[in-house]
Amino acid sequence: MERLSEGPVYERCLAALDEHIRRYFVERDIQATLAQYHDNAVGLGTGRGETAMDPASLREIVRNDLGGYTSSVELDIKTRAFYQVTPEVVISQMLLDFSITNNTHRMTLRESRHNLVWHLPAEGDPRICHVHVSFPTDLHGEEEPYPLKELEEVSQVVDELIHNRTQSLTESYRRLEQMVVRDRLTGMYNRVRIDEVLEQEVVRASRYQRHFSVIFLDLDHFKQINDNHGHLVGDKILKSLAKHIQGNIRETDTAARWGGEEFLIVLPETELSEAVQVAEKLRQAFEVRPFQLDGYEIPVTLSMGVACCQDGDNIEAILTRADKALYRAKANGRNRTES
Ligand SMILES: Nc1nc2c(ncn2[C@@H]2O[C@H](COP(=O)(O)OP(=O)(O)OP(=O)(O)O)[C@@H](O)[C@H]2O)c(=O)[nH]1
């Protein structure tokens, strides 16, 4: 048996083997692959103990193999050799690694041996008359020419890991967001978030000539409440006020703790008169609902300053007007709304 490394027979067999690789591993074309087989081709696959002692069985194995995994198989051919047995018979030997993939994962099987016995007719292309394939597939179950089940299981594990990781990242992001944009005591937005909302509204107002309003809202005589009942009671009142505000504004409105006992509400698409109504509703509802503490009531009232954006307003201008209105509400006796 002579090893071939050049010459017309070598070239002919090399071309035939390349064609076989293309049809079988790349295109996974059953008919085109079978067309390369000699009518009497038989074979065996040692990896799975498969034998095809008659041509029909070999063709059946090829059909199952190509039909079972229809995507291209990626090959890394390590060695390739041709041996001439007789003038009409050549054996090709290949040692290769091949990889299969599904949507999420890739698996490589190493050291698969493919030996083919080729018949070289006087005319026409070489035909395969004997196949000896050693797939490393006996590890992967009797019925599987490729380790699809194992790949599927690995993919599921990876999917689960990704899912869990995404969930924990989402949770971390949520906690981080809480820390950055929320006030710790009341859970309301803080200045960071309300500043963003104000910026958006100012841009929208100037671009689309839309109006929005703001309400500054401040607890009256809160220092006294703290002094008389303690800081913890003060905290509870702030929390209850936060709840009161959140429960009485629209979903499209944004409320935030501006600082201390002062809150800011931004009301998109709202004219001054409408914003004053909202402020009054909040103020009156709070006034008639004194804070309950251990069986007795602490009357708590609110002062409000309302302003509506005007042409050319920037954030500072509108907040200054609302703040001045709030100052007037305090100066005019508290528990009232000014605009
Ligand atoms: N309990 C509690 N008190 C706070 C908090 N933040 C600010 N305060 C208190 O709120 C009080 C605000 O006092 P002032 O600015 O004098 O206002 P005020 O007593 O409400 O008086 P007017 O606004 O003029 O009606 C201070 O005593 C602060 O210590 C807080 O998170 N918790």
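Given the structure is predicted, the values throughout are model-derived calculations rather than measurements.

Participant: Which residues make up the overall build of the protein, and what values do they have?
Facilitator: In terms of regular secondary structure, the protein is built from nine helices and 14 strands. Burial status across the protein gives 42% buried among its 339 residues. For the protein, contacts bridging at least 24 residues in sequence account for 62% of all contacts bridging at least 6. If you sum the accessible surface of the protein, you get close to 18,900 Å²; carbon and sulfur atoms cover 49% of it.

Participant: Lay out the side chain of His114 in plain terms, naming residues and giving numbers.
Facilitator: Along the polypeptide, His114 turns up in strand S6 (residues 106–119). Here the side chain of His114 touches Ser112 through a polar contact of 3.1 Å, side chain to side chain.

Participant: Lay out the packing of aromatic side chains in plain terms, naming residues and giving numbers.
Facilitator: Under the counting rule described, the total for this entry stands at three aromatic pairs. Seen in terms of ring centroids, Tyr24 and Phe25 are 4.9 Å apart; in terms of plane orientation they differ by 50°. Their pairing is tilted. Residue Tyr24 is classed as buried on the basis of its relative accessible area of 9%. The ring of Tyr189 is capped by Arg193, whose NZ or CZ atom sits 5.5 Å from the centre of that ring.

Participant: Please provide a residue-by-residue account of the pattern of salt bridges, values included.
Facilitator: Enumeration according to the criterion identifies 23 salt bridges in this entry. Between Asp218 and Lys330 there is a salt bridge, with its nearest N and O atoms 2.7 Å apart. Note that Asp218 is positioned in strand S8 (residues 212–219) and Lys330 in helix H9 (residues 315–331), a separation of 112 residues in sequence. The closest approach of N and O atoms between Arg336 and Glu338, which form a salt bridge, is 2.8 Å.

Participant: If you had to explain the packing of helix H7 (residues 231–247) against helix H8 (residues 272–287) to someone new, which residues and values would you point to?
Facilitator: One way to put it is that H7 packs onto H8 with a least axis distance of 10 Å and a crossing angle of 135°. Considered as vectors, H7 and H8 are oriented oblique to each other. Our pair here, H7 against H8, has a crossing hand that is right-handed. Contacts from Ser240, Leu241, His244 and Ile245 in H7 reach Leu282, Ala285 and Phe286 in H8. When grouped by side-chain class, the residues that make up the contact of H7 with H8 number five nonpolar, two polar and no charged.

Participant: So, the site of the ligand: which residues are in play, and what are the values?
Facilitator: Neighbouring the ligand are 17 residues; Phe222, Lys223, Asp235, Arg257 and Lys330 lie closest to it. Between the ligand and Asn226, the relevant distance is 2.8 Å, taken from a nitrogen atom to a side-chain nitrogen or oxygen of the residue. The separation between a nitrogen atom of the ligand and a polar main-chain atom of His231 is 3.1 Å. Alone, the ligand offers 660 Å² of accessible surface; in the complex the protein occludes 68% of this.

Participant: Talk me through the pairing of strand S13 (residues 302–308); I want residue IDs and the actual numbers.
Facilitator: Among the seven residues of S13, seven are classified as buried, and the element is accordingly described as predominantly covered. Here S13 shows a buried face lined by Leu302, Met304, Val306 and Cys308 and a second buried face lined by Ser303, Gly305 and Ala307. Two strands pair when backbone bridges link them, and S8 and S13 are joined in this way by seven bridges, in the antiparallel orientation. Within S13, the residue paired with Ser213 across the bridge is Cys308. Pairing of S13 with strand S14 (residues 337–338), which is carried by two bridges, proceeds in the parallel orientation. Opposite Met304, over in S14, you have Thr337 as the bridge partner.

Participant: Any chance you could break down the nonpolar core for me, citing the residues and the numbers?
Facilitator: Counting 31 residues, the largest nonpolar core has Leu17, Tyr37, Phe82, Trp118 and Val131 as the members making the most contacts within it. Of all the secondary-structure elements, those providing two or more residues to this core are helix H1 (8–26), strand S2 (37–45), helix H3 (55–68), strand S5 (89–101), S6 and strand S7 (127–134). No other element matches the eight residues that H1 contributes to this core. With sequence-adjacent residues up to four places away left out, Phe82 is seen in contact with Glu2, Arg3, Leu4, Tyr10, Cys13, Leu14, Leu17, Val90, Ile91 and Ser92. Counting residues in each nonpolar core, the second largest holds 28 residues, with Val233, Leu238, Ile265 and Leu267 among its members.

Participant: Outline the sheet that holds S8, supporting the account with residue identities and numerical values.
Facilitator: The five strands lie next to each other as S9-S10-S8-S13-S14, forming an open sheet whose pairing is mixed. Every interior strand has two partners, whereas the edge strands, strand S9 (254–259) and S14, have only one. Against the sheet, H8 engages S8, strand S10 (262–268), S13 and S14, with an angle of about 170° to S13.

Participant: Quick rundown of a nonpolar patch on the surface? Include the residues and the values.
Facilitator: Residues Leu176, Met179, Val180 and Val192 make up a contiguous nonpolar surface patch of roughly 400 Å² in combined accessible area. Per-element tally for the nonpolar patch: the top contributor is helix H4 (residues 148–181), with three residues. Take Met179: its relative accessible area is 66%, and that puts it in the exposed class.

Participant: A description of the packing of helix H6 (residues 222–229) against H7 should follow, citing residues and the corresponding values.
Facilitator: Interaxial distance between H6 and H7 falls to 6 Å at its minimum, and their mutual angle equals 135°. In terms of orientation, H6 lies oblique with respect to H7. Between H6 and H7, the residues in contact are Phe222, Ile225, Asn226 and His229 and His231, Val233, Gly234, Ile237 and Leu238, respectively. Here the residues of the contact of H6 with H7 are counted per class, giving five nonpolar, four polar and no charged.

Conventions we followed
- Residues numbered from 1 in each chain as written.
- Predicted model: local features only at pLDDT ≥ 70, side-chain atom pairs only at ≥ 80, totals over all residues.
- Heavy atoms only, no water.
- Helix = DSSP H or I, 4+ residues; strand = E, 2+ residues; numbered from the N terminus.
- Buried < 20%, exposed > 50% of the residue type's maximum accessible area, 1.4 Å probe, protein only.
- Contact = heavy atoms within 4.5 Å.
- Areas by Shrake-Rupley, 256 points an atom, 1.4 Å probe, with all protein chains shown as cover.
- Polar contact = N/O pair within 3.5 Å; in protein donor to acceptor, adjacent residues only side chain to side chain.
- Phe/Tyr/Trp six-rings, centres within 6.5 Å; stacked < 30°, edge-to-face > 60°.
- Lys NZ or Arg CZ within 6 Å of the ring centre and 35° of its normal.
- Salt bridge = Lys/Arg side-chain N within 4 Å of Asp/Glu carboxyl O.
- Axes fitted to C-alpha atoms, helices over the stretch in contact; angles between N-to-C directions.
- Parallel < 35°, antiparallel > 145°, perpendicular 65-115°, else oblique.
- Left-handed = near helix turned anticlockwise from the far one by under 90°.
- Nonpolar A, V, L, I, M, F, W, Y, C, P; charged D, E, K, R; others polar.
- Near = heavy atom within 4 Å.
- Pairing = 2+ DSSP bridges.
- Core = buried A, V, L, I, M, F, W, Y, C linked by side-chain atoms within 4.5 Å.
- Patch = residues over 30% accessible without salt bridge, like charges linked within 9 Å, V, L, I, M, F, W, Y side chains within 5 Å.

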